[in-house]
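Examination of the molecular architecture
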4 protein chains.
Amino acid sequence: MVRFGVLGAGRIGQVHAQAIASVKGASFVALAEPVEAVAKQVADEYGCDLRSIDEIAGSDDIDAVVICTPTDTHADLIEQFCKAGKAVFCEKPIDLDIGRVRACLKVVEETDGTLMLGFQRRFDPDFNALRKAIDEGRIGEVEMVTLTSRDPGAPPLDYIDRSGGIFRDMTIHDFDVARWMLGEEVETVYASASVLTDPAIGDHGDYDSANVTMRTATGKHCTITNSRRATYGYDQRIEVHGSTGSVSAENTLEANITVADANGYQRPPTLDFFMTRYTAAYANEIAAFVRSVADGAAPPTTGEDGLRALAMAEAALLSIKEKREVRLDEIL
Amino acid sequence: MVRFGVLGAGRIGQVHAQAIASVKGASFVALAEPVEAVAKQVADEYGCDLRSIDEIAGSDDIDAVVICTPTDTHADLIEQFCKAGKAVFCEKPIDLDIGRVRACLKVVEETDGTLMLGFQRRFDPDFNALRKAIDEGRIGEVEMVTLTSRDPGAPPLDYIDRSGGIFRDMTIHDFDVARWMLGEEVETVYASASVLTDPAIGDHGDYDSANVTMRTATGKHCTITNSRRATYGYDQRIEVHGSTGSVSAENTLEANITVADANGYQRPPTLDFFMTRYTAAYANEIAAFVRSVADGAAPPTTGEDGLRALAMAEAALLSIKEKREVRLDEIL
Amino acid sequence: MVRFGVLGAGRIGQVHAQAIASVKGASFVALAEPVEAVAKQVADEYGCDLRSIDEIAGSDDIDAVVICTPTDTHADLIEQFCKAGKAVFCEKPIDLDIGRVRACLKVVEETDGTLMLGFQRRFDPDFNALRKAIDEGRIGEVEMVTLTSRDPGAPPLDYIDRSGGIFRDMTIHDFDVARWMLGEEVETVYASASVLTDPAIGDHGDYDSANVTMRTATGKHCTITNSRRATYGYDQRIEVHGSTGSVSAENTLEANITVADANGYQRPPTLDFFMTRYTAAYANEIAAFVRSVADGAAPPTTGEDGLRALAMAEAALLSIKEKREVRLDEIL
Amino acid sequence: MVRFGVLGAGRIGQVHAQAIASVKGASFVALAEPVEAVAKQVADEYGCDLRSIDEIAGSDDIDAVVICTPTDTHADLIEQFCKAGKAVFCEKPIDLDIGRVRACLKVVEETDGTLMLGFQRRFDPDFNALRKAIDEGRIGEVEMVTLTSRDPGAPPLDYIDRSGGIFRDMTIHDFDVARWMLGEEVETVYASASVLTDPAIGDHGDYDSANVTMRTATGKHCTITNSRRATYGYDQRIEVHGSTGSVSAENTLEANITVADANGYQRPPTLDFFMTRYTAAYANEIAAFVRSVADGAAPPTTGEDGLRALAMAEAALLSIKEKREVRLDEIL
């Protein structure tokens, strides 16, 4: 039984709490949450203790923690809990600064710590079925990966200010999926971005629309298309083109029905919220973490994955600034 | 070169005229059409002669005729032209009276005539691809055929009066497709019908909504669903369920596009007119007739096919009257 | 909090146990299960007590029971627990004999009991989205309901012997859905059936392939197509045709991906097991029961629903025997 | 009646000959074709004269010509026929050299000539339905255009040598579609390409896999994905994302059927040859040319369109060479 402490009971913290409660082989022992009302409600719901972060770090009855606190605390907490000998699951990103990430990963390594980073898309059932089709050789050699990833709407402007911008906040998931699907590291990154949905996003120094093209050493390509606005829901698609075929994962609709009338055939919008869209993925993700802690095995998504995805975001930003292809080894 | 006379230049006559003009190995020599303006216009368009029906029957430069005159003239004309030694293509039905059909087919036989009946669905590319999948063994043994056939709207009431009713006019196409798909004759027919779209149809002694269930001697089933109203276009679908799989032919939409917006995903309606929906089928049908005339081979759809489909319509009507399963051998 | 006793921990019993454990407002207090090993394992998993059926009936800390015992015990247990003042959820059917069902429902009525019958399809998210589209007027007046329901494979022969045959065991779900979708009672029933997948099923007096056509007093139709064999998974589709449009619910596939290669486009089979296919439906069903018990409201599916669906099965059997349309009032 | 001369009766010449023969208001008067056997066969088929190119240029009974000769003759012939006062339809490209194109277009202007360039995709029914959806405001403002265009297989190496490479030969169609869909000119072009399907293509100085990203002055994006290999047929898709929705045009399959079996659901491959895929487009294209000649109106695709698409190809090549974004005004 892996005994859990959860740090932070905001939106994503509660998603993980629910996952821990329902996964076999895991128990939700303690929560640290500064907002008292929220802390009390979650503790009642799951019957867990309320402790401070430091108390959890010092608790003998805690094997692992899930870090769901604000981004700027991630690196410090990872270091603290690795030093305390707890297995750590942390929401991405480790930090917005690549130097800080490197320093943090050094501590993880020195303490022989276990760190899993929250890239939930790797645990989505459809994306896994797609990856499995590739692994089974159904499309031959991977040649081109096309990722379409559009949010239903932009986040609040103050979130944008803290997020590190579209590439570090939103595209970072696509960068990770790109590596997963390509099966090799990208060598070059080109990005182009603009502000099309709301000028205020530009005023805050960010973009809402972006395209990225990446190439590996063997000439494989990946393109990413991002927008902060998709009226038809949360648009999350992958297409991988290979030497003997292609495989694609389509959007999940609100319901699997079709209405036909004088206007034609209508199907419902896609699920429009990342927590609804990725419900199964979040549960599978925690289950994978529990398995790796229980087995003492390396977690499926590591700090190195977080570092590489962040470096790709840096490369994209440099590409936009200098209007050129950037080699990833200029960053890493 | 098969030299054609066309009898009647109404809507369907012009469809066949165009097919003859475009099919290799066929030439459109003469037209018989009582409405002078129409006759002249079609003759100008295709550069064909205008002759009377009797003149065409007596013409040495005519090998084959296409009969597109009103239904109550079909049987007489078939007999006249078989006796005149011309190959005959006739729009279904031969006659609304099954005795008259039998008598006509006897003349065809006695004159060693060539008669092809116009069941254009047998020449539809999608339905043929479906039939081919069955022939290739992709679904194993056929077990259940499901036909959905709905018109965009009801025909005029005076047409209904002359048509012999929904089973002889509309379902007759499905009866023929049922035989084609089942690959064996049906033994029993049950039908249920009602008036749902327009009470006037009931006042004229007909139905607008019908379901038919048929069973063969080996226990295979076919169900037919008909309606005179489908707001989303001309609904023409086939599904064949077999021992190792199923195959279905879907509707053809006005365009192969999808619009996604806040209401979800929208595709255009189906093609909503039988001549648009079956454009390719009508051309293939005449081409098949030309080939059979040129090769002296039996045509792919015969008078016997017309007789059997009509008998199934009779059985459906008797079933409704007596609220029971009717054996086809009660009719034939 | 609704406190539950579960009677029987077989396959479906465990499905309901899991639902009770996860639904808010419900607690799983006691289990009665004769097979000791199974009883112990389930009790360990959910931390519930093990009691006899009679003990559960006499327990003050039990508000409701879920009956998942063999069919021939259902009626007796419903009566026992209604008399004991417990709310009852029972898997369909109440009994294979319609007289016994009537007698049982009389007891439910006399004891003012709460009885919900397990027709899980009414709680399927897609079928509910379809029903909602109808309620919102998106297809106008319902005219024709088409239900396709095919099992991946036949059950064991000894199950068939106990099941009451395909109409009472399998089609009964479709009969219930037909009533739900038509929005009015059927007046006539016609059925046709055969043995196509395995002669042994015929030797045991049952069918494996069936078609049913039903008509309401206002002329609405419903057709049901059943087979015990579908190689592509569990085939569960509904199409409702109305005066201004149609709505359909399609199958749920194993994954939402498509592989394109030299053979064309491939999508995965449908979910092939009723418990996987209806996972969400079973959870929603228990949640609905909990709500109705908590609120003292009538449950959404009642004993009357079970009686009517059974009567439709009886009518289908009589129709096959007498090769005619049967009026439901000949049975009820 | 527009009277046509056709120059060249190769593959595409015969496509256009057939289109001229079937379009109302056009007549196929004369053919110039150096290969005698081909010339004779086509002349027999369509009953047209055989003349030399110069004879056609000097013929009083010719109003318009269709140029289907090798690329390196296009510019000279356009000039010759504009000077001769004939309306000119020419297959793309005008020339592989942008300077030669400019010089040619100057002659067209000075002679007040009519020149339509063969970008047949603009006449595809599905792409037009998509464009119409945009024009009707169904997706709001266009923001991002995604073009996927993959050939079933690479052309012969000697064709590649003459073609000017993938961007001038294949992507050029996408460049034209990009302009059509964006509704404004692109300002920047970035391209990345590699050799993945056959090293011989690289040995001949060309690429087989390419991605292009373009941006307009207002920040709209277009990405193009090309490959010379798609095992599942001829992959031709467009997706346009706008401020209130998205619209996409999907591939046309060989038949509109689905086979379901133990492996899942199978649909046929896409039409795998550009002439089959774009049959309707080629016919509509000639019809549009005939209309513009008959009405004395400007043709829908002009020499300027050809120049701009070629400039985009040049920009792509420069981008690959210099690994940077290229401004189109560096070329034009």
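Source: prediction; values computed, not measured.

**Focus: the overall build of chain A**
Scanning chain A from terminus to terminus reveals 12 helices and 15 strands. Here the C-alpha atoms of chain A give a radius of gyration of 20 Å, agreeing with the 20 Å that 2.2 N^0.38 yields for 332 residues. Per-residue burial for chain A yields a buried fraction of 61% across its 332 residues. Across chain A, the fraction of contacts at a sequence separation of at least 24, relative to all contacts at a separation of at least 6, is 70%.

**Observations regarding the interface of chain B and chain C**
One frequent convention defines the size of an interface as the accessible area lost when the parts assemble. Counting from both sides, the interface comprises 37 residues of chain B and, opposite them, 38 residues of chain C. The junction of chain B with chain C conceals about 3,000 Å² of combined surface from both sides, 47% of it contributed by carbon and sulfur atoms. Our count for the chain B to chain C interface comes out at six salt bridges. We note a salt bridge from Glu239 of chain B to Arg237 of chain C, for which the minimum N-O separation is 2.8 Å. Seen at the junction of chain B and chain C, the total is 25 residue pairs in polar contact (both at pLDDT 80 or more). Those elements that place two or more of their residues in the side of chain B that touches chain C are β7 (142-150), β8 (186-194), β9 (209-216), β10 (221-227), β11 (235-242) and β12 (245-249) of chain B.

**Topic: the relation of the copies chain B and chain C**
Copy one and copy two of the chain differ by a rotation about a common axis and a shift along it. In the superposition of chain B on chain C (RMSD 0.1 Å, axial shift 0.0 Å), the rotation amounts to 180 degrees. Taken together, these values place the two copies in the relation of a two-fold axis. Across chain B, the smallest distance between a C-alpha and the rotation axis is recorded for Arg324 of chain B, namely 1.9 Å. The residues that chain B uses at the interface reappear at the interface of chain C in 100% of cases, marking a shared surface.

**Observations concerning the sheet that holds strand β1 (residues 2-7) of chain D**
Residue and element names in this part refer to chain D. With parallel pairing, the six strands of this open sheet are ordered in space as β3-β2-β1-β4-β5-β6. At either margin of the open sheet sits one strand with a lone partner, and together these are β3 (49-50) and β6 (115-118). The sheet strands contacting helix α4 (residues 74-83) are β1, β4 (64-67), β5 (87-91) and β6, and the helix crosses β5 at an angle near 170 degrees.

**Digging into the confidence of the model for chain A**
Put simply, chain A has an average pLDDT of 96, and 100% of its residues get 70 or more. If you check the scores for this complex, the pTM reads 0.96 and the ipTM reads 0.95.

**Side note on unusual backbone geometry**
Among all residues save glycine, negative phi is the norm, and among peptide bonds the norm is trans. Residue and element names in this part refer to chain B. A cis amide bond, omega -10 degrees, links Lys92 with the succeeding residue Pro93. The residue Pro93 is located in the loop between β5 (87-91) and α5 (98-110) in this model. For Asp112, which is not a glycine, the phi torsion comes out positive at approximately 55 degrees. Position of Asp112 among the secondary structure elements: in the loop between α5 and β6 (115-118). You can call Asp112 exposed: its relative accessible area is 70%.

**Some points on the pattern of salt bridges**
Tallying each qualifying case throughout the model produces 144 salt bridges over all chains. Linking Asp235 of chain A and Arg150 of chain A is a salt bridge whose minimum nitrogen-to-oxygen distance equals 3.2 Å. Taken together, the residues span a long stretch of sequence, with Asp235 of chain A in strand β11 (residues 235-242) and Arg150 of chain A in strand β7 (residues 142-150) at a distance of 85 residues. The buried category is assigned to Asp235 of chain A, whose relative accessible area is 0%. For Arg150 of chain A, a relative accessible area of 1% translates into the label buried. Across the salt bridge formed by Lys220 of chain D and Glu184 of chain D, the nearest N and O atoms sit 3.4 Å from each other. With a gap of 36 residues between them, Lys220 of chain D in the loop between β9 (209-216) and β10 (221-227) and Glu184 of chain D in the loop between α8 (166-182) and β8 (186-194) connect regions that are remote in the sequence. Under the relative-accessibility criterion, Lys220 of chain D is labelled buried at 11%. Each member of the salt-bridge network shares a partner with another, and the members are Arg122, Asp176, Arg179, Glu185, Glu304, Asp305 and Arg308 of chain A.

**A short note on the sheet that holds strand β3 (residues 49-50) of chain C**
Residues and elements named next belong to chain C. Spatially, six strands are ordered β3-β2-β1-β4-β5-β6 in an open sheet, and the strand pairing comes out parallel. With one partner strand each, in any of the chains shown, β3 and β6 (115-118) form the two edges of the open sheet. Across four bridges, strand β5 (residues 87-91) lies against β6 in parallel orientation. Looking at β6, one finds that Phe89 is bridged to Met116.

**A word on the interface of chain C and chain D**
The interface of chain C with chain D comprises 15 residues on the first partner and 15 residues on the second. Interface of chain C and chain D: buried area, both sides summed, is about 1,100 Å²; carbon and sulfur atoms make up 57% of it. Between the two partners, chain C and chain D, sit zero salt bridges. Linking chain C with chain D are four residue pairs in polar contact (both at pLDDT 80 or more), by the criterion used here. Those elements that provide at least two residues to the side of chain C that touches chain D are β13 (257-261) and β14 (264-267) of chain C. Among the elements that make up the side of chain C that touches chain D, the one with the highest residue count is β14 of chain C (four residues). Here the side of chain C that touches chain D is composed, by residue class, of seven nonpolar, six polar and two charged. Pairing of β14 of chain C with strand β14 (residues 264-267) of chain D involves three bridges; the strand directions are antiparallel. Bridge pairing in β14 of chain D places Gln266 of chain C opposite Gln266 of chain D.

**Section: the side chain of Asn251 of chain B**
Among the structural elements, Asn251 of chain B can be located in the loop between β12 and β13 (257-261). Residue Asn251 of chain B is classed as buried on the basis of its relative accessible area, which comes to 9%. A polar contact is formed between the side chain of Asn251 of chain B and the side chain of Tyr265 of chain A, at a distance of 3.4 Å. In this structure the side chain of Asn251 of chain B is engaged in a polar contact, spanning 2.7 Å, whose partner is the backbone nitrogen of Gln236 of chain B. Other than its neighbours up to four places away in sequence, Asn251 of chain B contacts Tyr265 of chain A, Tyr234, Asp235, Gln236, Arg237 and Thr270 of chain B together with Asn256 of chain D.

**Points about the environment of Ser243 of chain A**
You can see Ser243 of chain A is positioned in the loop between β11 and β12 (245-249). A sequence separation of 30 residues divides Ser243 of chain A from Thr213 of chain A, and the C-alpha atoms of the two residues are 20 Å apart. Discounting residues that sit within four places of it in the chain, Ser243 of chain A has contacts with Ile139, Gly140, Glu141 and Glu143 of chain A together with Arg229 and Thr231 of chain D.

**A short note on the packing of aromatic side chains**
Here the structure, examined in full by the defined rule, presents 34 aromatic pairs over all chains. In this arrangement the basic side chain of Arg277 of chain B is found over the ring face of Phe127 of chain B, its NZ or CZ atom lying 5.4 Å from the centre. Over the aromatic face of Tyr278 of chain D sits the side chain of Arg277 of chain D, whose NZ or CZ is 4.5 Å from the ring centroid.

**Let's talk about the packing of helix α8 (residues 166-182) of chain C against helix α12 (residues 303-322) of chain C**
Residue and element names in this part refer to chain C. Put simply, α8 and α12 touch, their axes get as near as 8 Å, and they point 115 degrees apart. For the element pair α8 and α12, the recorded crossing hand is right-handed. Taken together, the residues of α12 that come into contact with α8 (itself represented by Phe167, Arg168, Ile172, Phe175, Asp176 and Arg179) are Asp305, Arg308, Ala309, Leu310, Met312, Ala313, Glu314, Ala316, Leu317 and Ile320. For the contact of α8 with α12, the per-class residue count stands at 10 nonpolar, no polar and six charged.

**Describing the packing of helix α1 (residues 11-22) of chain A against helix α2 (residues 36-46) of chain A**
Residues and elements named next belong to chain A. Two elements in contact, α1 and α2, have axes whose closest approach is 11 Å; the angle formed by their N-to-C orientations is 15 degrees. In terms of their interaxial angle, α1 and α2 are classed as roughly parallel. Remark: the crossing between α1 and α2 carries right-handed chirality. Facing α1, whose interface residues are Gln14, Ala17, Gln18 and Ala21, α2 presents Val38, Gln41, Val42 and Tyr46. When the residues that make up the contact of α1 with α2 are grouped by side-chain class, the tally is five nonpolar, three polar and no charged.

The rules behind each value
Residues numbered from 1 in each chain as written. Chains lettered and ligands numbered in written order. Predicted model: local features only at pLDDT ≥ 70, side-chain atom pairs only at ≥ 80, totals over all residues. Heavy atoms only, no water. Helix = DSSP H or I, 4+ residues; strand = E, 2+ residues; numbered from the N terminus. Rg over C-alpha atoms; globule rule 2.2 N^0.38 Å. Buried < 20%, exposed > 50% of the residue type's maximum accessible area, 1.4 Å probe, protein only. Contact = heavy atoms within 4.5 Å. Buried area = accessible area lost by both parts, 1.4 Å probe. Salt bridge = Lys/Arg side-chain N within 4 Å of Asp/Glu carboxyl O. Polar contact = N/O pair within 3.5 Å; in protein donor to acceptor, adjacent residues only side chain to side chain. Least-squares fit on C-alpha atoms with pLDDT ≥ 70 in both. Pairing = 2+ DSSP bridges. Axes fitted to C-alpha atoms, helices over the stretch in contact; angles between N-to-C directions. pLDDT = per-residue confidence, 0-100. Nonpolar A, V, L, I, M, F, W, Y, C, P; charged D, E, K, R; others polar. Phe/Tyr/Trp six-rings, centres within 6.5 Å; stacked < 30°, edge-to-face > 60°. Lys NZ or Arg CZ within 6 Å of the ring centre and 35° of its normal. Left-handed = near helix turned anticlockwise from the far one by under 90°. Parallel < 35°, antiparallel > 145°, perpendicular 65-115°, else oblique.

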